[in-house]
Amino acid sequence: MNVTDVVGAQIGRPPRAEPIVVAACHLGLPVVIEVPPVLDDGTPFPTRYWLTCPLASKRIGRLEGIGGVKQLERHADSNEEFGAALDEAHARYASARDAAVPPGAEHAPSGGVGGTRRGIKCIHAHYADHAAGNPNPVGAAAAPFVEPLDCDRPCVVATATSVELNPSWREPR
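Conventions and cut-offs
Residues numbered from 1 in each chain as written. Predicted model: local features only at pLDDT ≥ 70, side-chain atom pairs only at ≥ 80, totals over all residues. Heavy atoms only, no water. Helix = DSSP H or I, 4+ residues; strand = E, 2+ residues; numbered from the N terminus. Buried < 20%, exposed > 50% of the residue type's maximum accessible area, 1.4 Å probe, protein only. Contact = heavy atoms within 4.5 Å. Areas by Shrake-Rupley, 256 points an atom, 1.4 Å probe, with all protein chains shown as cover. Lys, Arg positive; Asp, Glu negative; His and termini not counted. Charge placed at Lys NZ, Arg CZ, Asp CG, Glu CD. Axes fitted to C-alpha atoms, helices over the stretch in contact; angles between N-to-C directions. Parallel < 35°, antiparallel > 145°, perpendicular 65-115°, else oblique. Polar contact = N/O pair within 3.5 Å; in protein donor to acceptor, adjacent residues only side chain to side chain. Salt bridge = Lys/Arg side-chain N within 4 Å of Asp/Glu carboxyl O. Phe/Tyr/Trp six-rings, centres within 6.5 Å; stacked < 30°, edge-to-face > 60°.

So, on to the overall build of the protein. Helix and strand counts for the protein stand at six helices and five strands. Along the longest, intermediate and shortest principal axes, the C-alpha atoms of the protein span 50 × 45 × 25 Å. Within the protein, buried positions represent 44% of all 173 residues. Sequence-distant contacts in the protein: of pairs separated by 6 or more residues, those separated by 24 or more amount to 53%. Summed over its atoms, the accessible surface of the protein is roughly 9,000 Å², and 54% of this surface lies on carbon and sulfur atoms. Treating the 16 positive side-chain charges of the protein as one cloud and the 20 negative ones as another, the clouds have centres 7 Å apart.

Encoded structure:
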């Protein structure tokens, strides 16, 4: 299966740039892709690591749905070590992404994880950064609620004409 088609099926639309898989599940499917800081059409894109795994996305969606962003922001505000680690993650993320901006790019993205300068915009982006192997306290805090990514069947399948979400895929218990 073509990675672009797999990622398109996982996220429900064609990716806006050629995906580079930086983390995969035990079934060999993408969990996180790296996105260029400037898309093919010149659009700046602040999100360096994009979560594609439907299982991880579903589980993080639950965390966000019960107020996880606000809870983690309160924790960052009240816990000096966690807050400093979050600031460091934003700075590292922005620096690495900015270093990848092509010379002569008309526009460049800004901000840290998920394009935010401070705080937490989206747990998905922080978890993707963490799953890509980077130190991210928000992603690390979310990981016990997301992992293991232990599907017993692939989330996508190839048909005669395309790659699609697997209709028999279910969240493992």
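Moving on: the packing of helix α3 (residues 68-78) against helix α4 (residues 80-99). For any two helices packed against each other, one specifies the inter-axial angle together with the distance between the axes. Contact pair α3 / α4: the axes reach a minimum separation of 5 Å and the direction vectors enclose 110°. By the angle between their directions, the pair α3 and α4 is classed as roughly perpendicular. For the pair α3 and α4, contact is made by Leu72, His75, Ala76 and Ser78 and by Glu80, Phe82, Gly83 and Leu86, respectively.

This next bit is on helix α6 (residues 137-146). Taken residue by residue, α6 has Pro137, Val138, Gly139, Ala142, Ala143 and Val146 as its buried positions. Between the side-chain oxygen at the start of α6 and the backbone nitrogen of Val138 there is a gap of 3.0 Å, and the oxygen is on Asn136.

This part is about the pattern of salt bridges. Counting across every chain of the model gives eight salt bridges. Close ionic contact of Asp98 with Arg97 constitutes a salt bridge, the shortest N to O distance being 2.9 Å. Taking relative accessible area as the criterion, Asp98 reaches 37% and is therefore assigned partly exposed. Across the pair Arg153 and Asp152 runs a salt bridge, and its minimum N-O distance is 3.4 Å. In this structure Arg153 comes out as partly exposed when scored by relative accessible area, which is 33%. When its relative accessible area of 61% is taken as the criterion, Asp152 is described as exposed. Overlapping salt bridges bring together Lys58, Arg59, Arg62 and Glu171 as one network.

This part takes up the packing of aromatic side chains. Scanning the model with the defined rule gives two aromatic pairs in all. With centroids separated by 5.7 Å and ring planes inclined at 45°, the aromatic side chains of Phe45 and Trp50 adopt a geometry described as tilted. Note on Phe45: relative accessible area 13%, which makes it buried.

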